[in-house]
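# What the coordinates show
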Amino acid sequence: MAELTLFLREYARTRQNVGAIAPSSARLATALTRYVIPSPGHSRTVLEVGPGTGAVTRYIADSLGRLDTLDLVEANPHFATLLRKTYRHDARMRVLTGLVQEHELGVYDTIVCGLPFANFDARTTAEIFDRLLGALRPGGTLSFFGYVGGATVRRTLAAGPDRTRTLAGQGALRHILRRHAFRTEVVLGNLPPARVHHLAPVDTPAHAERDGSCACRNASS
Ligand SMILES: C[S@@+](CC[C@H](N)C(=O)[O-])C[C@H]1O[C@@H](n2cnc3c(N)ncnc32)[C@H](O)[C@@H]1O
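The structure presented is a predicted model; accordingly, all values stated were derived computationally and were not measured.

## Re the site of the ligand
Not every one of the 23 residues close to the ligand is listed here, only the nearest: Ala 20, Ser 24, Gly 50, Gly 52 and Gly 114. Elements with a minimum of two residues in the shell around the ligand: α2 (15–18) and β2 (69–74). Here the residues of the shell around the ligand are counted per class, giving 14 nonpolar, eight polar and one charged.

## Digging into the pairing of strand β5 (residues 136–147)
Across five bridges, strand β4 (residues 108–113) lies against β5 in parallel orientation. When the bridges of β5 are listed, Thr 110 appears paired with Thr 141. As paired elements, β5 and strand β7 (residues 194–199) share six bridges and run antiparallel to each other. The residue bridging Tyr 147 from the neighbouring strand is Ala 194, located in β7.

## Re the environment of Leu 83
Relative to the helices and strands, Leu 83 is located in helix α5 (residues 77–86). Non-local contacts of Leu 83, meaning those with residues more than four positions away in its chain, are made with Pro 51, Gly 54, Thr 57, Leu 72, Glu 74 and Val 95.

## Observations concerning the nonpolar core
Counting residues in each nonpolar core, the largest one holds 44 residues, and the members touching the most others are Leu 32, Val 49, Ile 111, Cys 113, Leu 132 and Leu 142. Aside from chain neighbours lying at most four places away, what touches Ile 111 is Leu 47, Val 49, Leu 132, Ala 135, Leu 136 and Leu 142.

## Concerning the sheet that holds β5
With mixed pairing, the seven strands of this open sheet are ordered in space as β3-β2-β1-β4-β5-β7-β6. Of all the strands in the sheet, just β3 (93–97) and β6 (181–187) have a single pairing partner and so form its edges. Here the strands of the sheet are splayed against their neighbours by 15 degrees on average, with no regard to which way each runs.

## As for the pairing of β7
One ladder, built from six bridges, connects β6 with β7; its direction is antiparallel. Among the inter-strand pairings, Ala 181 is bridged to a residue of β7, identified as Leu 199.

## What about helix α8 (residues 160–180)?
Counted at 1.5 Å a residue, the expected span for α8 with its 21 residues is 30 Å, and the 31 Å between its end C-alpha atoms agrees. All buried positions along α8 are accounted for by Thr 166, Gly 169, Gln 170, Ala 172, Leu 173 and Ile 176. The arc enclosing the buried residues of α8, seen along the axis, measures out at 155 degrees, which places them on a common side. In this structure, α8 carries Gly 160, Pro 161, Thr 164, Gly 171, Arg 174 and Arg 178 as exposed residues pointing more than 90 degrees from its buried face.

Cut-offs and rules
Residues numbered from 1 in each chain as written. Predicted model: local features only at pLDDT ≥ 70, side-chain atom pairs only at ≥ 80, totals over all residues. Near = placed C-beta within 6 Å. Helix = DSSP H or I, 4+ residues; strand = E, 2+ residues; numbered from the N terminus. Nonpolar A, V, L, I, M, F, W, Y, C, P; charged D, E, K, R; others polar. Pairing = 2+ DSSP bridges. Contact = placed C-beta atoms within 7 Å. Core = buried A, V, L, I, M, F, W, Y, C linked by C-beta atoms within 7 Å. Buried ≥ 20, exposed ≤ 12 C-beta atoms within 10 Å, placed from the backbone. Axes fitted to C-alpha atoms, helices over the stretch in contact; angles between N-to-C directions. Expected span 1.5 Å × (residues − 1). Arc of directions from axis to C-beta.

Structure (C-alpha cells):
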C-alpha cells in the first residue's frame, strides 16, 4: 500500500517521467519478464530500466540464480531509495539512481525496460534504444511496453509544436520496432491494457540506418 501511495504521489508530481497511473500488474510483469530465463549453472546479467516501486523487479528477483546479477537504473530518487531499502540484503542487486542515458552500462543477457517512451522525443527514444540494444550480448533480449491506444490518444490530444514532437517520437519508436521486434503480445489484465514488445539487436546500430552518417560499421570491420 505504501508503494502504491508513493507511486501515485510521484505520478502527480512528475507525470511526464513516471508515465503510468499505476504500477504494472502481475500479468504485465509476467509478460515483461518472459525472457528472463533461469539457466542453472550459468551466471546471467539482467538490467531493469525504470523499475519504479519494483512491481516488475520482484518477478526478476524471484528468478535470479545464486550467480546472477540484476542492475536497476531508476531516475526518481524516491523510488531508488525504496528499491535500495527493499533489496539491501541482496548482494546480487545494484541500484543506480539517475537517467539511463547518463550511466555507464554493463553487458547484459536480458533487459527489461519500463520507460514511458510515449512521453519522450524522437532523439531521446533513439538514444536510449541505441544504448540498451548496444548493451545486450548476442542472443540477448530487450522487453518493454506501451499502453494500447496510448499513441492514438496522444496524437489526437496534441496540438502545435507538441503534436510535431509527438509524431516524431512515435515515428522513431515505429522504426525501432520494425527493425528489432521479434514478438509483440497484448496484456489485457493491466490498467490500462498494454502491449509488450520483445526486441533483439541486429548488426547495425539503429542510429546508423536512421541518419546514414555513422561510420561505426566500417570502423569495426
Ligand atoms: C511507467 S513507470 C514504470 C514503473 C515500473 N517498471 C512498473 O512497471 O510499475 C516508468 C519509470 O521510469 C522511470 N524513468 C523515466 N525516465 C527514466 C530514464 N531516462 N532513466 C531511468 N528511469 C527513468 C520513472 O521514474 C518511473 O519510475
